[in-house]
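# Coordinates in review
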Amino acid sequence: MSLLEIRNVSKIYGELKALDNVSIKVEQGEWVAIMGPSGSGKSTMMNIIGCMDKPSKGEVLLDGVDISKESSKKLTEIRRDKIGLIFQQFHMVNYLTAVENVMVSQYYHSMPDEEEALEALGRVGLRDRARHLPSQLSGGEQQRVCVARALINHPELILADEPTGNLDEANENIVLDLFAQLHKEGTTLIVVTHDPEVAEAAQRTIVLEHGRVAREIINENFGK
Amino acid sequence: MTKRKMFLRMITASLLRRRSRMLVALLSIGIGATILSGLVTIYYDVPRQMGAQFRNYGANMILVSQDTGTLNAQSASDALEVIGTDQVIGATPYRYVTAQFVRSQLSFVAAGTDFDQVQLTSPYFVVDGAYPSGPRQVLIGKQVAETVGAKLNSVLEITYKPSQKFVSGGEAVPGATLVGSAEGFNTNPVSVVLTLDDQMKIASMELDVSTQTEEYGGRLGDETYTKRFIGRAYPLEENDETDVLSGATITSRAVLEAISTAQVTDNATAVTGNTMSMQVAGILDTGGKEESYIFMSMDDMAALTGEKDLYDVMELSVSGTADELAGYVQTMEEKDLGVTARLVKRITNSETAVLSKLQALVFLVTAVVLVLTMICVSTTMMAVVTERRKEIGLRKALGASDDSIRVEFLGEGMFLGALGGVMGALLGFGFAQIVSVNVFESSITFQPLLLPITVVVSMVIAALSCLWPIKRAVQIDPALVLKGE
Ligand SMILES: Nc1ncnc2c1ncn2[C@@H]1O[C@H](COP(=O)(O)OP(=O)(O)OP(=O)(O)O)[C@@H](O)[C@H]1O
Ligand SMILES: [Mg+2]
């Protein structure tokens, strides 16, 4: 059984079909990139997968559960338990330190554990910046904190919407290396990107156009 | 780390690291709490404060003897005990007798009193000069002073004759001594002292017509006139025109009136009169009847009349509500102290009316401030929610349930409420103190109970004010707010 199966999903805003009868499968442990021009429905799809939005039509099976029919309360639980989110604009609680931001994720998930949070920061190379506020961190550092926050609860699926969109080359590579590590550990990754280099790091790229799947590209060079 | 610890850590971080925004919220709660606790303090203190103010308008309770006789010092002090010394601001005894100036033969009312107490029960008295402080000094009413031409430090010779005193009333009985007086020629008094035998016949009669013109009414002073009454039944038959002497018509009619209106007294004859020289220490200006009196100390009064510890009335200035005062009156009645207490309705009623109006006003202002505070806090919290839309969205994206969002905001709000409450209770006391000192010229004591009450009330207000902002916070859609730049 696939970890994620999207069946004939449409998302309609009035006249506009942000997603138009999309069907996609993502296997457990797979690393998938999603590309497409602006407005093609990438973020719309990520929100639906991330349990922050519901499709107008179709089914979304996550771990065999159809999340298109669940209540928003249940969706919050699923998101909390199974999904780690990374955003283009980082999004941190601006009055909490790096380690506290990671702990917020633990707080909603289970139990805050400062040691574990510090370890996660160590993994993204920021252990020594743990007590800094977001305003004292660079963009790249903030995004790495967000990666640490996304992986802290060991989610089955990490959703990253343009994670490197605001990063320079060096930081982009750090983040991609982190993704590669997570992939090795068996985490499923879905990464939206405009950047062909980021897409090439993935095993497979799905290209959306006008809310439809235009094509899929298998990365033959993956792992080489 | 427990969830609770993390919760507190997040809240304190939010309050401490977002200081300027939180200060605004804290300030609005704090100021609201300050005014509220201040007003509540004043609300409860107003009766005391206003009571003190009203005591400036004079006595609010009067003690008189239960029968029409005089009040003795003992029953007066028993009555004061009923009220309790803390409640009695002033208690002024008055003893009134009619005395005369030796030189002009003019009569006036002499009043014995306690000047220390007078200043407490009649603070509105205006004295030119000073209150008498030593023996043989008087405070003379402005009107009398003008009539006799008395000035500060003038020496007045006054005399008192016992028969001229206001006598105690009662039915004439066999063996009784009766004292009576009436106005004769030129409104000058004539007085009689009669004794009755056991058949109610007049056994003896003393007549004082010394105030009358010598060659007319004054003639009646000799024994030939008084003799005609001896042995006659008392009361006299009416309209006995033979008793009216031509050439002394007015005086003899006055004598008849004095006889027929004479009242029983036991000691009138025992009283010995006196003449004393008194120095004017002060001239009294009240705009009232007191201007026609001459006031002296009780000791001087005793020396003048030869009677000690007798009062006609006692004026009391008592602190308390109209209901409390009425309670004292009733207790005195029940205890049967031989004293009748009366409330000066003019004072007690207007005090009650003003008080309830003032309290209503304070209550109204309190309610308005309460609403304003809530609007203010609510607006601030609303701004806080708007400002933190992204953060709320993020928390939701990270898995925060609606309830966690509610608890977090309510937690922050109530924390601010508690802090503002402590601030408000302390500042509110200061505020009430300032108002009290400036408006009522007296200070108030800190009510420890007000601290927890203010804190709880502020927390409740803060929580209520947060309800609407929290509702908005819960409605935030994470997908929408996290997407934006
Ligand atoms: N809440 C919404 N209401 C109405 N229209 C929406 C809403 N969200 C997205 N859309 C529309 O749906 C379409 C797809 O939007 P989406 O955000 O998924 O694009 P995208 O592929 O993520 O683009 P980009 O690369 O610029 O982020 C766009 O035309 C957008 O205007
Ligand atoms: Mg997008």
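Summary of the structure given here. (Residues numbered from 1 in each chain as written. Chains lettered and ligands numbered in written order. Predicted model: local features only at pLDDT ≥ 70, side-chain atom pairs only at ≥ 80, totals over all residues. Heavy atoms only, no water.)

## A short note on the site of ligand 1
- The environment of ligand 1 is made up of 13 residues, and the closest members are Ser38, Gly39, Lys42, Ser43 and Thr44 of chain A.
- Near ligand 1, the surrounding residues belong to chains A and B.
- With respect to ligand 1, the side chain of Ser38 of chain A contributes an N or O atom lying 2.5 Å from an oxygen atom.
- For ligand 1, an oxygen atom lies 3.2 Å from a polar atom in the backbone of Ser40 of chain A.
- Within the complex, the protein chains bury 66% of what would otherwise be the 630 Å² of accessible surface of ligand 1. (Near = heavy atom within 4 Å. Polar contact = N/O pair within 3.5 Å; in protein donor to acceptor, adjacent residues only side chain to side chain. Areas by Shrake-Rupley, 256 points an atom, 1.4 Å probe, with all protein chains shown as cover.)

## Some thoughts on the pattern of salt bridges
- Enumeration over the complete set of coordinates arrives at 32 salt bridges over all chains.
- Here Lys69 of chain A makes a salt bridge to Asp66 of chain A, at a shortest N to O gap of 3.4 Å.
- Under the relative-accessibility criterion, Lys69 of chain A is labelled exposed at 59%.
- The class for Asp66 of chain A is buried, based on a relative accessible area of 18%.
- A salt bridge links Asp243 of chain B to Arg228 of chain B; the nearest nitrogen and oxygen atoms lie 3.0 Å apart. Within this pair, whereas Asp243 of chain B is found in the loop between helix H6 (223–227) and helix H7 (249–260), its partner Arg228 of chain B is found in the loop between H6 and H7, the two being separated by 15 residues in sequence.
- The exposure class assigned to Arg228 of chain B is partly exposed, which follows from its relative accessible area of 32%. (Salt bridge = Lys/Arg side-chain N within 4 Å of Asp/Glu carboxyl O. Buried < 20%, exposed > 50% of the residue type's maximum accessible area, 1.4 Å probe, protein only. Helix = DSSP H or I, 4+ residues; strand = E, 2+ residues; numbered from the N terminus.)

## Considering the nonpolar core
- Residues Met45, Leu121, Phe179 and Ile190 of chain A are the most contacted members of the largest nonpolar core, which totals 105 residues.
- Sort the elements by how many residues they give to this core and helix H3 (residues 98–109) of chain A lands first, with seven residues.
- Residues within four places of Met45 of chain A in sequence aside, it is in contact with Ile6, Leu19, Val22, Ile24, Ile34 and Leu208 of chain A.
- One finds Leu196, Val244, Val255 and Ile259 of chain B within the second-largest nonpolar core, a separate group that totals 26 residues. (Core = buried A, V, L, I, M, F, W, Y, C linked by side-chain atoms within 4.5 Å. Contact = heavy atoms within 4.5 Å.)

## Digging into the sheet that holds strand E4 (residues 57–62) of chain A
Residue and element names in this part refer to chain A.
- Ordered in space as E2-E1-E4-E5, the four strands form an open sheet in which the pairing is antiparallel. A single partner strand is all that each edge strand has here, and the edge strands are strand E2 (16–26) and strand E5 (65–66).
- Taken together, the two bridges between E4 and E5 define a ladder with antiparallel strand orientation. Looking at E5, one finds that Leu62 is bridged to Val65.
- Seen against the sheet, helix H1 (residues 42–49) touches strand E1 (4–13), E2 and E4 and runs at an angle of roughly 120 degrees to E1. (Pairing = 2+ DSSP bridges. Axes fitted to C-alpha atoms, helices over the stretch in contact; angles between N-to-C directions.)

## A look at empty space enclosed by the protein
- Across all of its chains, the model carries five cavities of 30 Å³ or more by this definition.
- The volume enclosed by the largest cavity comes to roughly 110 Å³.
- If you trace the largest cavity, you find 13 residues lining it, with Ile83, Gly84, Ser105 and Asn153 of chain A together with Leu398 of chain B closest to the centre.
- Taken together, the residues that form the lining of the largest cavity break down as six nonpolar, three polar and four charged.
- Lining the second largest cavity are Tyr95 of chain A together with Met10, Ile11, Arg388, Glu391, Arg395, Glu408, Phe409 and Glu412 of chain B.
- Those elements that place two or more of their residues in the lining of the second largest cavity are helix H1 (3–17), helix H11 (389–397) and helix H12 (402–440) of chain B.
- Element by element, the count of residues in the lining of the second largest cavity is highest for H12 of chain B, at three residues.
- Partitioning the lining of the second largest cavity into residue classes produces four nonpolar, no polar and five charged. (1 Å grid on protein atoms, 1.4 Å probe; cavity = no way out; pocket = protein on both sides within 12 Å on 5 of 7 lines; lining within 4 Å. Points joined across faces, edges and corners; volume = space filled by probe spheres on them. Nonpolar A, V, L, I, M, F, W, Y, C, P; charged D, E, K, R; others polar.)

## Regarding the sheet that holds strand E3 (residues 31–35) of chain A
Residue and element names in this part refer to chain A.
- In space, the six strands of this open sheet follow the order E6-E7-E8-E3-E9-E10, with mixed pairing throughout. At either margin of the open sheet sits one strand with a lone partner, and together these are strand E6 (83–86) and strand E10 (212–218). Neighbouring strand axes in the sheet, compared pairwise and without regard to direction, differ in orientation by 20 degrees on average.
- Note that E6 and strand E7 (residues 157–161) share four bridges and pair parallel. Bridged to Ile86 within E7 is Ala160.
- The strands that helix H2 (residues 72–82) touches are E6 and E7; relative to E6, the one it contacts most, it runs at about 80 degrees.

## Concerning the layout of surface pockets
- In this structure, the largest pocket spans a volume of roughly 740 Å³.
- Taken together, 33 residues make up the lining of the largest pocket; nearest its centre are Ser43, Thr44, Asn47 and Asp161 of chain A together with Lys483 of chain B.
- Mapped by element, the contributors of at least two residues to the lining of the largest pocket are E2, H1, E6 and E7 of chain A together with helix H14 (478–483) of chain B.
- Among the elements that take part in the lining of the largest pocket, H1 of chain A stands out by supplying five residues, more than any other.
- Classifying every residue of the lining of the largest pocket by side-chain character gives 13 nonpolar, twelve polar and eight charged.
- Roughly 430 Å³ of internal volume is contained in the second largest pocket.
- Around the second largest pocket sit 21 residues that line it, and Ser72, Lys73, Thr76 and Arg79 of chain A together with Asp402 of chain B are the ones nearest its centre.
- Those elements that place two or more of their residues in the lining of the second largest pocket are H2 of chain A together with H12 and helix H13 (450–475) of chain B.
- Considering each element in turn, the lining of the second largest pocket owes the most residues, seven residues, to H2 of chain A.
- Looking at side-chain class alone, the lining of the second largest pocket contains seven nonpolar, four polar and ten charged residues.

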